[in-house]
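Structure at a glance
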Amino acid sequence: MRHSGSAPNSLPPQGVSVQRSLLFASAAVILVVPLTASAAYADPAEQIVNGTFDSGTDPWWWTGNAPASVVNGRLCATIPAGTTNPWDAIIGQNGINLQAGESYRLAFEASATVPVTVRANVQLADPPYTQELSALPALTAQPQEFSYTFTAAADTTAGQVAFQVGGSATAWTLCLDNVSLQGGAPPPVYVPDTGPRVRVNQVGYLTNGPKQATVVTEATTALPWQLRNAAGTVVASGATTPRGVDPTSGQNVHTVDFSGYRTAGTGLTLSADGETSVPFDVGVNAAYEKLRVDALSFYYTQRSGIEILDSIAPGYARKAGHVGVAPNQGDTDVPCQPGVCDYRLDVRGGWYDAGDHGKYVVNGGISVYQLMSTFERTKLAASRADKLADGSLRIPEHGNKVPDVLDEARWELEFMLRMQVPASKPLAGMVHHKVHDQAWTGLPLDPAADPQPRELHPPSTAATLNLAATAAQGARLFQPYDKAFAAKLLAAARTAYAAAVANPAIYAPASDGIGGGAYDDTDVTDEFYWAAAELYLSTGEKAYRDAVVASPWHTADLFRPEAFDWKFTATAGRLDLATVPSGLPDRDRVRKSVVDGAQKYLATLQASPYGITYAPIGGKFDWGSNNLVLNNLVVVATAYDISGAAQFRDGVAGGMDYLLGRNALNQSYITGYGERASKNQHSRMYAHQLNPALPNPPSGSLAGGPNSSIQDPVAAKLLAGCAPQFCYVDDIESWSTNEITINWNSTLSWVASFLADQGEGGPAPAPVCSVSYSKVFDFGGAFIAQATIRNTSGRTLNDWKLRFAYTGTQKVDLAVNGTARQTAASVEVTPWQSRLRPGESTTILLVGRVDWGPNPAPAHFSCG
Ligand SMILES: [Ca+2]
Ligand SMILES: [Ca+2]
Ligand SMILES: [Ca+2]
């Protein structure tokens with residue numbers, strides 16, 4: 001993710017043209033709109049994209065020896081000394097359409113710091129590179145305008161404008177602006193195939209949940225709709241609600257509410273305005289159960305440093321990547337970038353971040369946090385801990401008695417620990433920001449075949465606080481399963497936090513984006529808050545609590561429209577302070593702030609005719625907007641866990657509709673889910689679109705989704721001028737709209753797990769008991785707690801049990817008035833009073849100890 005430097009820029013032009021031709025050869029999505037008569041007589045068509053460099057450098061490319069960037073509105077490239085041929089250094093743009101017999105005019109402004117004559121060619125991008133124009137402009141220090149006309153001899157859709165600027169004995173700088181190639185037909189307009197105009201959740205709806213759909217129509221008054229079962233029988237009908245023009249799509253839309261239909265079934269369709277939706281199901285809890293496993297099992301095939309087995313991930317087998325075996329040059333003994341450090345580190349393991357092979361501590365941090373949070377939620381809310389138990393995921397660590405989601409999280413935590421600066425070195429305790437290739441590699445590329453040198457980039461305060469936060473969180477979660485690892489995590493978290501306090505402003509720069517994403521962040525006040533919160537929740541110590549309370553983020557309204565993400569992590573701290581039990585003095589206010597924040601997201605969802613929880617200020621969708629939609633749903637779901645108010649659970653279920661097809665593109669953004677699902681996400685491993693021998697992304701992979709800034713060349717070319725929801729194309733080269741990343745699937749995992757826990761929606765089963773838990777003795781690591789259980793149901797409980805999970809390191813040794821059995825953090829008490837009449841209470845004493853950290857009351861109890 002965040003390839004602010006575009007991958008193709010570092011490739012030779014041949015590499016670019018190969019990828020381009022593969023793209024167009026395989027792109028069934030490209031439709032060519034026939035020219036209308038009026039278009040044929042309009043002004044000459046412009047064939048160059050971004051010839052003014054107003055929107056950066058894309059889709060221009062250059063040879064690796066001539067790095068270019070935009071300077072004062074012009075594209076300026078540093079041309080090396082000592083090359084031989086003009087084509088030894090090139091600045092170019094591909095994908096140029098030419099029509100035989102049409103006349104064209106190539107025009108541009110150019111200057112050179114030393115007088116030099118270069119070649120300006122219009123030619124085929126592929127062998128034999130047939131030239132339609134080869135001009136010889138003489139450049140001077142003063143910018144001059146040049147223009148040339150020619151008549152194309154042949155049709156092509158794979159033409160190229162190439163400034164061949166090699167062959168100079170001295171180094172010089174080229175600057176270009178206002179590049180234009182006018183003539184011929186307008187470039188083909190990309191029109192996405194959006195299928196039927198009735199947009200539904202293509203997977204389906206919870207039987208007792210909300211059921212909303214959107215109809216794209218010219219009509220401005222209500223239209224009739226019909227819901228049909230698989231046999232074609234109308235089972236429900238009604239009238240649409242006109243919603244006007246939706247600003248995120250530019251479409252006039254109506255909404256349909258068929259929440260009243262509550263019969264499970266498959267193959268239903270919804271019709272309105274003469275259009276019929278793709279088929280969908282009612283009764284989809286099983287699909288969310290599958291999605292929770294798929295979304296979490298995604299991490300196994302993203303693992304670095306381990307062979308991926310076909311027996312575990314069928315179709316995804318590959319050699320271990322980056323374990324120091326040639327041609328890999330990492331990750332077992334990795335040097336720093338020159339001048340950064342004098343040591344080497346073994347930083348094997350972890351997850352490949354996204355479509356690239358980089359490993360970034362900041363993005364690993366939010367990802368591993370959300371995986372652990374998916375697990376931690378099972379202790380904090382009504383949920384199915386058994387569904388995340390040992391053996392639940394497609395990973396190797398079955399039978400070790402550790403919940404698989406924690407096994408997967410540990411794979412990343414171990415890597416993050418290895419990124420910490422050793423004790424004897426400068427900046428000890430800080431954490432290197434990232435490790436990745438020295439230069440961008442092309443697609444496809446098996447991790448084990450990556451020949452690039454790997455480098456450690458400088459430590460950053462943000463990365464250090466990411467380790468502090470997640471290692472502290474991991475310490476409390478791993479304690480019941482592996483005390484030594486928990487202690488190691490806690491020590492690393494303390495060391496990292498202290499190092500960050502001592503070095504509070506070491507920022508990763510935006511310019512460090514060659515060969516890997518920059519993940520730049522110059523505001524780490526949010527990371528400080530998150531790390532202090534996790535350390536406080538795990539230790540209960542006053543110093544960390546003071547840091548929490550002193551942070552401006554503790555009382556700020558941080559539930560912003562843009563959602564939280566890897567760069568803005570204060571929300572992670574707030575959510576955990578709201579849900580993980582602690583002695584925080586203003587914990588009730590913190591909990592209420594989450595519910596208030598969720599209300600705002602719910603209002604956004606209800607105002608959107610597509611049910612989107614995300615409405616960024618200014619209206620432009622950001623990179624990875626699907627993840628931002630989901631992170632807002634995490635807040636809404638947490639509000640449900642806190643309040644039990646059904647509107648929040650319905651909001652999460654309804655909010656998922658957008659990602660599963662109820663959107664302007666009629667696109668499910670989750671591979672393997674829905675009739676029209678994304679499957680060509682940007683990845684060097686899952687590059688089926690480029691090489692049919694390779695797989696598509698695994699089922700349950702989330703695409704980044706619409707991105708108004710369309711930074712990659714494919715999106716820039718196809719989607720120019722797109723309304724936000726249309727700024728997406730399911731093409732492997734569209735890394736700015738269609739990548740996969742570890743921090744997007746982590747959010748999907750969290751939300752899918754929440755939804756799977758909701759059964760088929762509807763009223764939550766009323767609890768059958770109320771439990772009052774308090775400590776009557778708590779000193780020196782020993783405690784006695786008293787739990788009074790009252791039967792609040794209208795029926796007698798026979799042979800019942802009390803269940804809860806500790807959130808700290810508590811261990812029950814003995815119960816009085818009952819028998820206690822503890823497995824990891826989960827406690828099951830069999831009361832001696834096996835029969836409890838309605839309204840009757842019984843009290844059980846629990847005698848236990850706590851190894852370290854606080855001793856808060858459990859967050860969630862159940863009886864039955
Ligand atoms: Ca310009
Ligand atoms: Ca396990
Ligand atoms: Ca930040």
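Now for a description of the structure that goes with this document. (Residues numbered from 1 in each chain as written. Chains lettered and ligands numbered in written order. Predicted model: local features only at pLDDT ≥ 70, side-chain atom pairs only at ≥ 80, totals over all residues. Heavy atoms only, no water.)

So, about the overall build of the chain. Of regular secondary structure, the chain possesses 15 helices and 39 strands. Every one of the 864 residues in the chain was classed for burial, and the buried ones make up 58%. Approximately 30,400 Å² of the chain is accessible, and the part contributed by carbon and sulfur atoms is 55%. The centroid of the 61 positive side-chain charges in the chain is displaced by 9 Å from the centroid of its 77 negative side-chain charges. (Helix = DSSP H or I, 4+ residues; strand = E, 2+ residues; numbered from the N terminus. Buried < 20%, exposed > 50% of the residue type's maximum accessible area, 1.4 Å probe, protein only. Areas by Shrake-Rupley, 256 points an atom, 1.4 Å probe, with all protein chains shown as cover. Lys, Arg positive; Asp, Glu negative; His and termini not counted. Charge placed at Lys NZ, Arg CZ, Asp CG, Glu CD.)

Turning to the nonpolar core, a few remarks are in order. Formed by 151 residues in total, the largest nonpolar core has its most connected members in Tyr288, Tyr497, Leu577, Met656 and Val751. Discounting chain neighbours no more than four positions away, the residues touching tyrosine 288 are Asn201, Leu206, Met656, Leu660, Ala752, Leu755 and Ala756. Counting 36 residues, the second largest nonpolar core, distinct from the first, contains Ile48, Tyr104, Leu133 and Val179. (Core = buried A, V, L, I, M, F, W, Y, C linked by side-chain atoms within 4.5 Å. Contact = heavy atoms within 4.5 Å.)

What follows deals with the coordination of the calcium ion (ligand 1). Coordination of the calcium ion (ligand 1) by the protein comes from Thr52 (O), Gly73 (O), Asp177 (OD) and Asp177 (OD), over a distance range of 2.4 to 2.7 Å. All donors to the calcium ion (ligand 1) come from one chain, and their sequence spacing reads T-x20-G-x103-D. One end of the pair, threonine 52, is in the loop between helix 2 (37-40) and strand 1 (61-62); the other, glycine 73, is in the loop between strand 2 (68-71) and strand 3 (74-79), with 21 residues separating them in the sequence. Residue classification places threonine 52 among the partly exposed positions, given a relative accessible area of 30%. According to the relative accessible area criterion, glycine 73 is partly exposed, its value standing at 31%. (Donors = N, O, S within 2.8 Å, 3.2 Å for Na, K, Ca; no water.)

All of the protein donors around the calcium ion (ligand 3) are Asp521 (OD), Asp521 (OD), Asp523 (O), Asp526 (OD), Asp526 (OD), Glu527 (OE), Glu527 (OE) and Lys567 (O); their distances to the metal are 2.4 to 3.0 Å. A relative accessible area of 0% means that glutamate 527 is categorised as buried.

Pairing in this open sheet of four strands is antiparallel, and the strands run 30-31-38-34 from one edge to the other. Each end of this open sheet is capped by a strand with a single partner; those strands are strand 30 (769-779) and strand 34 (810-816). Taken over all neighbouring pairs, the strand axes of this sheet differ in orientation by 25° on average, direction set aside. (Pairing = 2+ DSSP bridges. Axes fitted to C-alpha atoms, helices over the stretch in contact; angles between N-to-C directions.)

A separate point is the pattern of salt bridges. Counting across every chain of the model gives 37 salt bridges. Among the salt bridges present, the one from glutamate 414 reaches arginine 410, with a minimum N-O distance of 3.0 Å. Within this pair, glutamate 414 and its partner arginine 410 are both found in helix 5 (residues 404-418), separated by four residues, close to a single helical turn. On the basis of relative accessibility, which here comes to 23%, the residue arginine 410 falls in the partly exposed class. One salt bridge in this structure joins arginine 589 and aspartate 586, with 2.9 Å as the shortest N-O distance. (Salt bridge = Lys/Arg side-chain N within 4 Å of Asp/Glu carboxyl O.)

A separate point is the environment of glycine 92. Summarising the element assignment, glycine 92 is placed in strand 4 (residues 90-98). Residue glycine 92 is classed as buried on the basis of its relative accessible area, which comes to 0%. C-alpha separation for the pair glycine 92 and asparagine 328, spaced 236 residues apart in sequence, amounts to 31 Å. Those residues in contact with glycine 92 that lie beyond four places of it in its chain are Pro59, Trp60, Trp61, Val161 and Ala162.

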